[in-house]
Amino acid sequence: MLRIYNSLTKKVEDFHSLVPGVVSLYFCGPTVYNDPHVGNFRPVITFDVLRRLLLALGYQVTAVSNYTDVDDKIIQRALELGITEKELSDSIIKEYRHLVDEVGALQPTYTPRPTECMDDIIRYVEDLVLNGSAYASDGDVYLRVRKIPHYGELSGNSIEELEAGARIAVDEKKEDPLDFALWKKTNVGIRWNSPWGEGRPGWHTECCVMINSIFREENGLIDIHGGGFDLKFPHHENEMAQAKAHNGNTLARYWMHNGFIDIRGEKMSKSLGNVVLMKDVVKEYGGMPFRLMLLAAHYRAPATFAEDTMKEALKKYNQIVNASKKAAISLQRRNISLDSLNRTPSDAVLSALQDDLNTPNALTSLYEELKTLNQAILGKSYLSLEDALGIFLGDLDLLGIKVTLPTLTAEDKALYEEYDRARNEKNFAESDRLRSLLLAKNLF
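Residues numbered from 1 in each chain as written. Predicted model: local features only at pLDDT ≥ 70, side-chain atom pairs only at ≥ 80, totals over all residues. Heavy atoms only, no water.

A word on the pairing of strand β2 (residues 11-14)
Part 1 of the reasoning: As paired strands, strand β1 (residues 3-6) and β2 are joined by four bridges and run antiparallel to one another. Pairing of asparagine 6 across the sheet is with lysine 11, part of β2.
Part 2 of the reasoning: Connecting β1 to the next strand, β2, in antiparallel fashion are four residues, including lysine 10 with a positive phi near 65°. (Pairing = 2+ DSSP bridges. Helix = DSSP H or I, 4+ residues; strand = E, 2+ residues; numbered from the N terminus.)

What follows is the structure, encoded as structure tokens:
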């Protein structure tokens, strides 16, 4: 039984999907105005592992993650570069998709953009105005927060605390300082005609409308909504508020939030000058070691990006690659096809992930399977090499850790036979020559 921590109820719960055997999953994607940083990829990897687990458990999964391509930062950056907002967004999205592949994540089933959903967004805001949950004021539209039942239940912020807090913005257009914008009047940058004049949508409105549009048959209610811990308030709280006002539901039954990535023990921020770009990490270490580094921390706990954590992850990944390669070569030399392997994950890894995605425990079990695989390569394991590699690859598939297994040709097998013969005859000069040939093919 899969159990996950639900940020809405503040406890670990058994997971039951709305439709048996089917799961709807949405996690917030990036605002595409600048090169993606490492923090953008913690939710990518967290919810990729969840998706892979759900698939392994037999669910049909629709995974959605958006690209926010309407935002003040995008408008400002496009103006600085002298290009359109679309040109900027398209270029960042292309890079982002490439980096998603590099860290071993499956591409989402759908990747909606607000610019492609504007008619739906305007209709949604109109509905909220018509039912009295929202009001127009000088070209802007605001949600009446006090009309939302149990506002603050996701983030733990009460109306009283918000009234007293510094988060409240004073705005003459608002009926109440707590109200937030669904539509913003503007004459700068990308904008659309609406019943309230030219403008663009509020960020919180974009996500809940895209969910409502894609999962219309379920009245906009999905199984799981995820994102970074920093999105819990105000973004996710305000998404839920609109869903309550529009559809009478909480938008998602289970809300999941991943922790931050610290940079050498400090919070990553532009002010500290310690923002780490994902493309630089991939160039220096590779996407798979980064994934392993993140999986070593529980998704709800902070993860530390530092030279030592990355070097340790790179070391572990090389051990995984080397053992997998040796096993694959050994099997093919015995004329056992890799296609015949039963890539089924171990019960230990599967069980750890079903316990609220406990990836640290899953990795501990994976490394135990790595030991078993190495023993099987030496012929000293209780498992056959075929079984040991099948289980190990099944675990890697479940965790999203990619390895490229070599495929031996008849010529490669013949080279190995010659190498073995030279070694047995103690013709070390010849065996060294043949070994060099195999190394050049990355087969040793």
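Digging into the side chain of threonine 46
Part 1 of the reasoning: Secondary-structure assignment places threonine 46 in helix α1 (residues 41-56).
Part 2 of the reasoning: Judged by its relative accessible area of 8%, threonine 46 falls in the buried class.
Part 3 of the reasoning: Setting aside residues up to four positions removed in sequence, threonine 46 forms contacts with Asn258, Tyr299 and Leu357. (Buried < 20%, exposed > 50% of the residue type's maximum accessible area, 1.4 Å probe, protein only. Contact = heavy atoms within 4.5 Å.)

Some details on the sheet that holds strand β11 (residues 261-263)
Part 1 of the reasoning: One open sheet accounts for three strands, arranged β12-β11-β13; its pairing is mixed. Of all the strands in the sheet, the pair left with one neighbour each is β12 (266-267) and β13 (303-305).
Part 2 of the reasoning: Two elements, β11 and β12, share two bridges in a ladder whose sense is antiparallel. Bridge assignment links isoleucine 263 to a residue of β12, and that residue is glutamate 266.

Notes on the environment of alanine 313
Part 1 of the reasoning: Its place among the elements puts alanine 313 in helix α10 (residues 307-333).
Part 2 of the reasoning: When the C-alpha positions of alanine 313 and phenylalanine 428 are compared, they lie 35 Å apart, and in sequence the two are 115 residues distant.
Part 3 of the reasoning: Discounting residues that sit within four places of it in the chain, alanine 313 has contacts with Pro289, Leu292 and Met293.

Description of the environment of lysine 184
Part 1 of the reasoning: Looking at the secondary structure, you find lysine 184 in strand β7 (residues 180-185).
Part 2 of the reasoning: Taking relative accessible area as the criterion, lysine 184 reaches 33% and is therefore assigned partly exposed.
Part 3 of the reasoning: For lysine 184 and asparagine 442, which are 258 residues apart along the polypeptide, the C-alpha to C-alpha distance reads 57 Å.
Part 4 of the reasoning: Each residue touching lysine 184, except ones within four places of it in the same chain, is listed here: Gly139, Asp140, Glu198, Gly199, Arg200 and Gly202.

A look at the pattern of salt bridges
Part 1 of the reasoning: Considering all chains together, one arrives at 27 salt bridges under this definition.
Part 2 of the reasoning: Between glutamate 80 and arginine 77 there is a salt bridge; the shortest N-O distance is 3.4 Å. You can see glutamate 80 and its partner arginine 77 sitting in helix α2 (residues 72-81), three residues apart, about one turn around the helix.
Part 3 of the reasoning: In this structure, arginine 123 engages aspartate 120 in a salt bridge whose closest nitrogen and oxygen atoms are separated by 2.4 Å. Residue arginine 123 and its partner aspartate 120 are located together in helix α4 (residues 118-130), separated by three residues, close to a single helical turn.
Part 4 of the reasoning: Among the charged side chains, a network of salt bridges with common partners joins Lys86, Asp90, Arg113 and Glu116. (Salt bridge = Lys/Arg side-chain N within 4 Å of Asp/Glu carboxyl O.)

Considering the layout of surface pockets
Part 1 of the reasoning: By volume, the second largest pocket amounts to about 240 Å³.
Part 2 of the reasoning: Along the walls of the second largest pocket sit Asn322, Lys325, Lys326, Ile329, Ser330, Arg333, Ile377, Tyr416, Tyr419, Asp420, Leu443 and Phe444, which together make up its complete lining.
Part 3 of the reasoning: Listed by contribution, the elements that provide at least two residues to the lining of the second largest pocket are α10 and α14 (410-424).
Part 4 of the reasoning: Top contributing element to the lining of the second largest pocket by residue count: α10, with six residues.
Part 5 of the reasoning: Of the residues assigned to the lining of the second largest pocket, the class counts are six nonpolar, two polar and four charged. (1 Å grid on protein atoms, 1.4 Å probe; cavity = no way out; pocket = protein on both sides within 12 Å on 5 of 7 lines; lining within 4 Å. Points joined across faces, edges and corners; volume = space filled by probe spheres on them. Nonpolar A, V, L, I, M, F, W, Y, C, P; charged D, E, K, R; others polar.)

Structural notes on the side chain of serine 133
Part 1 of the reasoning: Within the secondary structure, serine 133 is located in the loop between α4 and β5 (134-137).
Part 2 of the reasoning: We classify serine 133 as buried; its relative accessible area is 9%.
Part 3 of the reasoning: In contact with serine 133, other than residues within four places in its own chain, are Leu128, Tyr142, Leu143, Arg144 and Ala245.

None of this, on its own, says anything about what the molecule does.
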